[in-house]
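If you want the building blocks of each chain, they are given just below.
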Amino acid sequence: MPSRMRLAADLDVEGKRVLVRSDLNVPVHDGAVGDDGRIRASVPLLRDLLDRGARPVVVAHLGRPKGEPDPATSLAPVGERLQELLGAPVRMAQDVVGESAAEAVRATEPDRVVLLENVRWAPGETSKDDAARGAFADRLAAFADLYVDDAFGAVHRKHASVYDVATRLPHAAGPLVAAEVAVLERLTSDPARPYAVVLGGSKVSDKLQVIEALLPKVDTLLVGGGMCFTFLAAQGHAVGSSLLEQDQVERCRAFLETGKVVLPVDVVAADRFAADAASEVVSAEAIPSDRMGLDIGPRSVELFARSLAGSQTVFWNGPMGVFEMAPFAEGTRGVAEAVAALTSDGALTVVGGGDSAAAVRALGIDESRFTHISTGGGASLEYLEGKALPGLTVLED
Ligand code: ADP
Ligand code: MG
């Protein structure tokens, strides 16, 4: 990781109020927390801060409220789960920087955590106006002596609690941010070769930037998922009613000219987008006009596994098919198994992307079979594209 980034462990925190930006953005339905992975991942930093006599004040977002209080996106259920997992009291403020928050911060003791309400209830958090964001960041900063960012999933956002507040307080990276950056650095600076990237998911245009940035650096790029059909079309094949981004075909043709791109040779083609659709495996070079490709086929899984064999570095983003429906999950399972097998051979294997990580869990594949599963899909892709991430840049100053 960049040596200029100070770590939370290096801060003298005893007796200090530490504003901690955590990623607690978990699924919550009717007040019940679903997959609590992100809450669990946030515990070690808070535990460490409490052990060292600090008074953590946690700021986090949940869902996409529109800059105003919205009970459906209250962090209250998250606070309860955090308290259980942390084994220390979590005092929940009723607002973000209002009277309730100020009172909770004033009264806090070194043996407990204060959790502010959903930071996206405050319009200043996501404002495009620097002054509005800055004014809100001033109020957050007034709550603490130090700032620690442990929310990797948000570092690509120029938001008040991610960016502006770090310009106002002595700051450091938390262990989650440090771990993510360390892995991404291994992918970008001198990766062990052969280096293969597997991309899938639904939208080509979302990922063309990352393909453009990665192609010169990788030895092989395997393309599956909904994005492969634009590449197949660029080779002149009929893709039926599969996902196709006609305006990206030219660009995909240029990518194919590098000779590094491997495409599926067969696909599972369905007569409609449904779990109970009629489907069959067809050649990727001739998808019937009334069929849509919803997964890569078994010969493609074998081809991808063969192409990956021997790789020392693998980055995988995007499911190979509509894994949410069982008949179209086998391509993703096959590729996940092939990548996981490389981990045991000593390769660095990284899974990035919200749906890719969800697919690994949904398919019952043990997460420990990969070197690293990134918690921040958008943030890790932007890092690999070589973009400057505001939340990281600000920590380096
Ligand atoms: P990630 O979140 O890992 O970056 P994306 O958001 O890009 O992944 O894409 C995930 C979605 O892509 C999944 O919901 C999956 O159902 C969909 N998908 C994968 N293959 C296809 C396909 N052939 N046709 C339509 N959708 C697909
Ligand atoms: Mg996604």
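As recorded in an unreviewed UniProt entry, the chain goes by Phosphoglycerate kinase and comes from uncultured Frankineae bacterium. Taken verbatim from the UniProt record of the chain, the Subunit (unreviewed entry) comment is "Monomer." Database annotation for the chain, UniProt heading Subcellular location (unreviewed entry): "Cytoplasm".

Participant: Got a minute to help me understand the environment of V281 in this structure?
Facilitator: The residue V281 is located in strand 13 (residues 279-283) in this model. Residue class for V281 comes out partly exposed when judged on its relative accessible area of 47%. Not counting the four nearest positions on each side in its chain, V281 is found in contact with D266, V267, V268 and P298.

Participant: Teacher, can you tell me more about the domain arrangement of the chain here?
Facilitator: It is common to give the size of an interface as the accessible area that goes away when the parts come together. Domain parsing of the chain yields domain 1 (8-178) and domain 2 (191-385). Taking only C-alpha atoms into account, the centre of domain 1 sits 35 Å from that of domain 2. Taken together, the contact pairs six residues of domain 1 with eight residues of domain 2. Between domain 1 and domain 2 the total buried area reaches about 560 Å² when both faces are included, carbon and sulfur atoms providing 60% of it. The largest share of the area that domain 1 buries against domain 2 comes from D35, F152 and H156, three residues that together contribute 70% of it. The interface formed by domain 1 and domain 2 includes one salt bridge. One salt bridge connects R361 with D35, and the closest N-O pair in it is separated by 3.3 Å. Linking domain 1 to domain 2 there are one residue pair in polar contact (both at pLDDT 80 or more). The residue inventory of the side of domain 1 that touches domain 2, partitioned by class, reads two nonpolar, two polar and two charged.

Participant: Can you walk me through the packing of aromatic side chains in this structure?
Facilitator: The description of an aromatic ring pair rests on the distance of the ring centres and on the angle between the ring planes. Counted by the stated rule, this structure contains one aromatic pair. In this structure, K158 packs its charged tip against the face of Y163, placed 4.9 Å from the ring centre.

Participant: Please explain the sheet that holds strand 10 (residues 220-223) as it appears in this structure.
Facilitator: Across a sheet, paired strands are connected by hydrogen bonds in the backbone, their directions being either parallel or antiparallel. Ordered in space as 11-10-9-15-16-17, the six strands form an open sheet in which the pairing is parallel. Edge strands, defined here as strands with exactly one partner in the open sheet, are strand 11 (261-262) and strand 17 (372-373). With five bridges joining them, strand 15 (residues 313-317) and strand 16 (residues 348-352) adopt parallel strand pairing. Directly across from V314, in strand 16, lies its bridge partner T349.

Participant: So what exactly am I meant to see when it comes to the sheet that holds strand 14 (residues 292-296) here?
Facilitator: Spatially, the three strands line up as an open sheet ordered 13-12-14, and their pairing is antiparallel. Where the open sheet ends on each side, the last strands, each with one partner, are strand 13 and strand 14. Here the strands of the sheet are splayed against their neighbours by 40 degrees on average, with no regard to which way each runs. Inspection of the sheet shows strand 12 (residues 266-270) paired to strand 13 by five bridges, in the antiparallel sense. Opposite V267, over in strand 13, you have V282 as the bridge partner.

The rules behind each value
- Think of each chain on its own: its residues are numbered from 1, step by step along the sequence as written.
- Chain labels run from A onward and ligand labels from 1 onward, assigned in the order the entries are written.
- pLDDT decides what is reported in this predicted model: residues at 70 or higher carry local features, side-chain atom pairs at 80 or more are listed and counted, and totals for whole chains, interfaces and linings draw on all residues regardless.
- Hydrogens and waters are ignored; side-chain quantities use all the structure's heavy atoms.
- UniProt positions are given in the numbering used here, feature names are shortened, and annotations may be inferred rather than shown by experiment.
- Secondary structure elements are taken from DSSP: a helix is a run of H or I of four residues or more, a strand is a run of E of two residues or more, and numbering for both begins at the N terminus.
- Each residue is placed in one exposure class: buried if its accessible area under a 1.4 Å probe, protein chains only, is under 20% of its type's maximum, exposed if it is over 50%, and partly exposed if it falls in between.
- Note on contacts: a residue pair qualifies if any of its non-hydrogen atoms lie within 4.5 Å across the two residues.
- Reported domain spans reflect what an automatic or database domain assignment gives.
- By definition, the buried area sums, over both parts, the 1.4 Å-probe accessible area that each loses when the two are put together.
- We define a salt bridge as a contact between a side-chain nitrogen of Lys or Arg and a carboxyl oxygen of Asp or Glu at a distance within 4 Å.
- Here a polar contact is taken to be a pair of N or O atoms separated by no more than 3.5 Å, where protein atoms must pair a possible hydrogen donor with a possible acceptor and residues adjacent in sequence count only if both atoms sit in side chains.
- Each residue gets one label: Ala, Val, Leu, Ile, Met, Phe, Trp, Tyr, Cys and Pro are nonpolar, Asp, Glu, Lys and Arg are charged, and the others, such as Gly, are polar.
- Each Phe, Tyr or Trp ring (for Trp, its six-membered ring) is paired with any other whose centre lies within 6.5 Å, and the angle between the two planes then decides the class: stacked below 30 degrees, edge-to-face above 60, tilted in between.
- Two conditions define a charge sitting above a ring: the NZ of Lys or the CZ of Arg must be within 6 Å of the ring centre, and it must be within 35 degrees of the ring normal.
- Pairing between strands is defined by DSSP: at least two bridges between them are needed.
- Under this scheme, a helix contributes an axis fitted over its contacting stretch, all axes are lines through C-alpha atoms, and angles between N-to-C directions fall in the 0 to 180 degree range.

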